Amino acid sequence: MKRVGAAAPQELDEERLLQRVARGDRAAFEELYRRTSPWLAVRLRRRCADQQIVAEVMQETYLAVWRAAGSFVGSRTGGTAVGWLWTIAARRLVDAFRRRAHHAEPPPAAAAHPVAPAAEEEALMATVGGDVGDALRRLAPELREVLQAMVLDGLSVRETAVLLGLPEGTVKTRARRARIVMREAMA
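The rules we used
Residues numbered from 1 in each chain as written. Predicted model: local features only at pLDDT ≥ 70, side-chain atom pairs only at ≥ 80, totals over all residues. Heavy atoms only, no water. Helix = DSSP H or I, 4+ residues; strand = E, 2+ residues; numbered from the N terminus. Contact = heavy atoms within 4.5 Å. Phe/Tyr/Trp six-rings, centres within 6.5 Å; stacked < 30°, edge-to-face > 60°. Buried < 20%, exposed > 50% of the residue type's maximum accessible area, 1.4 Å probe, protein only.

Caption draft 1: How the structure looks around the side chain of serine 37. When you line up the elements, serine 37 lands in helix H2 (residues 26-47). Filtering out sequence-adjacent residues up to four positions away, serine 37 remains in contact with Leu32, Met58 and Tyr62.

Caption draft 2: Just the packing of aromatic side chains, in detail. Taken as a whole and judged by the stated rule, the model has five aromatic pairs. Ring geometry for tyrosine 33 versus tyrosine 62: centroids 4.7 Å apart, planes at 70°, classification edge-to-face. Placement of tyrosine 33 in helix H2 and of tyrosine 62 in helix H3 (residues 51-68) is noted, with a sequence separation of 29 residues between them. Seen from their ring centres, phenylalanine 72 and tryptophan 84 are 5.4 Å apart, and the 50° between their planes marks the pair as tilted. Of the two residues, phenylalanine 72 is situated in the loop between H3 and helix H4 (81-103) and tryptophan 84 in helix H4; the sequence distance between them amounts to 12 residues. Here the two residues phenylalanine 72 and tryptophan 84 agree in accessibility, since each one is buried.

Shown next, in the form of structure tokens:
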């Protein structure tokens, strides 16, 4: 029987869902998965073409979420539930790459193919035209990467640092440099 005043999982934001998951609420976990797994799969596929790795990372990520939901501190530290989830997935993806690299060398032909721009990057470039689009295209890749994580993905400095494997100070510096370059390009 549903308690009076208890909201259904569909009515809760992701942070509240994580709080319920921490208490073992399977319905909250299923709702969190339903909301976030399509987005997470797209983000992982953007960074990894191997569907088997993506599937493994998805499974490991949601298992980690189920087990560690109680460790999410949320908005108290400026983080978001989705950012926390992405941080877990990004770490699992790096771990998967390391495991694969340890066991096998990539084929020599793999480096010969040019890397296609990510769908997110193409969409950004298509929707942001004119001077802004030109400035984004001229931005150094390491600056654009930080800008995309923080602006497009809405990640905090800490989450961006974990995602990109950089110290927080480096993320702050790159974000500042990216803003300066963009301002100068727009002047």
